[in-house]
2 protein chains.
Amino acid sequence: MKKLTVLLITITFGLQLQAQKVNQEDSLMLRNIYDMSLLNGKSYDWLDYLSNEIGGRLSGSIQAEQAVNYTESELKELGLDKVWLQPVMVPKWTRGLPEYAYIETGPGKTTITNICALGGSVPTPDGGIKAQVIEVQGLEDLANYGRDQIEGKIVFYNRPMQADLINTFEAYGGCVDQRYAGAMEAAKYGAVGIIVRSMNLRNDDLPHTGAMSYGDTPPDQRIPAAAISTNGADFLSSTLKILPTLKFYFKQNCRTFDDVQSYNVIGEITGSTYPDKYMVVGGHLDSWDLGDGSHDDGAGCVQSMEVLRIFKELNYKPKHSIRVVLFMNEENGLRGGRKYASEAKLKNEEHIFALESDAGGFTPRGFSFDTDAENFAQIESWKPLFEPYYIHSFTKGGSGADIGPLKDGKVVLAGLRPDSQRYFDHHHAASDTFDAVNKRELELGAATMTSLIYLVDKYGTTNEVTKVKN
Amino acid sequence: MKKLTVLLITITFGLQLQAQKVNQEDSLMLRNIYDMSLLNGKSYDWLDYLSNEIGGRLSGSIQAEQAVNYTESELKELGLDKVWLQPVMVPKWTRGLPEYAYIETGPGKTTITNICALGGSVPTPDGGIKAQVIEVQGLEDLANYGRDQIEGKIVFYNRPMQADLINTFEAYGGCVDQRYAGAMEAAKYGAVGIIVRSMNLRNDDLPHTGAMSYGDTPPDQRIPAAAISTNGADFLSSTLKILPTLKFYFKQNCRTFDDVQSYNVIGEITGSTYPDKYMVVGGHLDSWDLGDGSHDDGAGCVQSMEVLRIFKELNYKPKHSIRVVLFMNEENGLRGGRKYASEAKLKNEEHIFALESDAGGFTPRGFSFDTDAENFAQIESWKPLFEPYYIHSFTKGGSGADIGPLKDGKVVLAGLRPDSQRYFDHHHAASDTFDAVNKRELELGAATMTSLIYLVDKYGTTNEVTKVKN
């Protein structure tokens, strides 16, 4: 009975809190925000330009530079209080000529298969690499096979994403160690190269690239790393069962250059009451090079720009300073996110909230929050306001890679959580293109982000030094 | 305070009910259902066959017949207790040669535009129809213009779907009267034909067909009706502003034949405890002819078949008799739905529950229920079981066209509610094809439906004559 009483008190308190927050003014404001995004949105046009006029925006590329210039110029059009570029040095890695690979089952018997170099990989020798293949189900398998069975071979990491996980990001998280650390680990056993099953739940012919690291492997011991499509991986695996001595050939001439100058693109509406307290909304402007980076993360960039545009259009003057930050180099370095956070610390800027959209431009389902119980409870009390827009999922968990470096125990971090089912069909692959983004889904995401930023701006976070008054 | 007390009692009752229902057995069963669908599902393969081997399945077509034979044969493979065909006479309307249309702005100055005949329309004369156009925003506009301005012209219904409505089905519901009744109403004012803006929120070049009716218009006064793509409608509308006297030409040779024999396809697992109480899960096997009917409603059919397959695979023996019904002729007659209900009434079969999936194979978001408060409260108490699968939306409202005729004040009717944002990009258009369906989204829908059927079977509805014991 005691438990029930506590429960009832908690519920009563919850309901009161809810009633307090969910007032008609907020409800109307959210409706205006969604109307602006759906009826007079700019996010889709911006994405069209980023994707179709510029294209893939790998850090250090001419396209990344064009994207910096374009978004800076578009933000300047919005009449924000400030727009500037924040310099950051970024790695420059290029894919070079298209990769080439085949499976050889006998003299002259070859089957071409689709691969792509992993981002950061060293090239193969000019003539390529041809070697036997050892299939493993993960990094931990290497020790089981040992140097005897691995040396001189290509290690083929083939643990698939788990299809029974409903959230596909969990399935991704359960596999991506193979891509990230596969080469450095396999090199320890004398492997001559690695190929990794693409991080994709769908069976198709597209290889998916992504970041990998050599850790502290000395340069002369670094082995080339490539991704193979899911269909290619299945074919290779089944062929290995019949002919374990088959050989795999691949050739790639990717290359790492010296770091180059690039920029985070930042725009700000200065707060009317608390100009020295900052809220950030952002995505990352760089992308991989195989597609045009529409979902990852052109969508997050244009949605973040749209947040500030909507505030301007609705003539909403935020209490806090609100910044849109288009981070550079999330994919292969996170230099932009680190730079933004270190500059903020240097300038002693109080950041109270940051929201990132970097999970695709699909129908928004909710948010994930990296914060304490008190702030989470306040945010949860706003759920009824989001109900008319089918935004139901408010969970505790991660936020976003770029805003992660801001974490200081006080700032509330959040990530937009769109429907995840189709995301990895496109992620880091040639199919991450504009046509895979639905205009309404993109716009609903922008409106959902704007709504959250509005509420946090209005009510403040529970751990601001100066409490927000309403 | 009194209100609060009532509220708290309601909540307490709700929580107790919830605790009672959400037990571990159910939780495990749902996990098994989702695993079976995601890891060993058949829905996607079935849909592949229906879409790619058979194609569009308009009532009375050879493809509809093939689909009847195919699904009957697949259901027989499942080892159900009964599989049979329920005869039903259906209308037969054929599109004939591809339609042809252009906008004429002067002698020899024509712009071809994409149209398609609406389902059930009469043809144009062999030479087509050419006439001036009057643009209206809806049926109610006709009276404003009157016979003077309408007679001898083509009426162009151009009220678009409202983009600010979050649920796109609501936007569709707000426009579809133009398509359904546009011809019969315009004929009263002496119009010679109608063209209707496609029911599509996206700007593209695809015309979307769909059912229309002449009501009691005498055959010699029936005028041809066509849909124009959204891009075409915008172009026509803007051209009319410059040149109100432009002429529109269109030609179509669609034709209505005598009714032909067809079938509902039915499979049954006979109930272990209540063999004479029936639960139905279904979709419609017919489709329009422009695409292959993957979303509308191949998806609903294969998901419904999957419900029974999953029960068989998991060796779950339902208490009630569970039928999968693949209804014929939802699109242009609803003969299958009516036939099933009338036969059920004739045989005095007690139907306690029916679930339809006819809103596309997209990520499931929840269900809509046509039932009383008591049943709805019971179903809502199951919400926590669905939470791990991101199924949040349990609303009161409509269910599905095919199961509608079963309504008798007792049977609980339900409709699966997938994400609606992309649905009308494909609905009744050439883009309703297999590649627009995501395997996981389809499978999640099937698992969600199976889970609901399982829970209703286990706990019964609150208005069953004999109460279900657990």
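No experiment lies behind these values; they were computed from the predicted model shown.

Draft legend 1. Up close: the interface of chain B and chain A. On the chain A side, the residues contacting the 36 residues of chain B number 36 residues. Ranking the residues of chain B by area buried against chain A places Ile166, Arg422 and Arg440 of chain B at the top, with a combined share of 23%. Between chain B and chain A we count 2 salt bridges in total. In this structure, Glu441 of chain B engages Arg422 of chain A in a salt bridge whose closest nitrogen and oxygen atoms are separated by 2.8 Å. Sorting the residues of the side of chain B that touches chain A by element identifies α1 (2-21), α2 (24-40), β14 (364-370) and α14 (439-459) of chain B as the ones contributing at least two each. Classifying every residue of the side of chain B that touches chain A gives 19 nonpolar, 8 polar and 9 charged.

Draft legend 2. Structural view of the sheet that holds strand β12 (residues 320-327) of chain A. Residue and element names in this part refer to chain A. Strand order in this open sheet of 8 strands is β1-β10-β12-β11-β13-β16-β14-β15, and the pairing throughout is mixed. The open sheet terminates on both sides in strands that have one partner only, identified here as β1 (82-94) and β15 (393-396). Taken over all neighbouring pairs, the strand axes of this sheet differ in orientation by 20° on average, direction set aside. With 5 bridges joining them, strand β10 (residues 255-269) and β12 adopt antiparallel strand pairing. Across the sheet, the residue bridging to Gly267 is Val324, located in β12. Together, β14 (364-370), β15 and β16 (412-418) form the strand contacts of helix α11 (residues 373-380), whose direction differs from that of β15 by roughly 180°.

Draft legend 3. The arrangement of unusual backbone geometry in detail. Asp297 of chain A follows Asp296 of chain A through a cis peptide bond whose omega is 5°. Here Asp297 of chain A lies in helix α9 (residues 294-313). In the Ramachandran plot, Asn329 of chain B falls in the positive-phi region, its phi being about 75° despite a non-glycine side chain. Mapped onto the elements of the fold, Asn329 of chain B is located in the loop between β12 (320-327) and α10 (335-346).

Conventions adopted
- Residues numbered from 1 in each chain as written.
- Chains lettered and ligands numbered in written order.
- Predicted model: local features only at pLDDT ≥ 70, side-chain atom pairs only at ≥ 80, totals over all residues.
- Heavy atoms only, no water.
- Contact = heavy atoms within 4.5 Å.
- Buried area = accessible area lost by both parts, 1.4 Å probe.
- Salt bridge = Lys/Arg side-chain N within 4 Å of Asp/Glu carboxyl O.
- Helix = DSSP H or I, 4+ residues; strand = E, 2+ residues; numbered from the N terminus.
- Nonpolar A, V, L, I, M, F, W, Y, C, P; charged D, E, K, R; others polar.
- Pairing = 2+ DSSP bridges.
- Axes fitted to C-alpha atoms, helices over the stretch in contact; angles between N-to-C directions.

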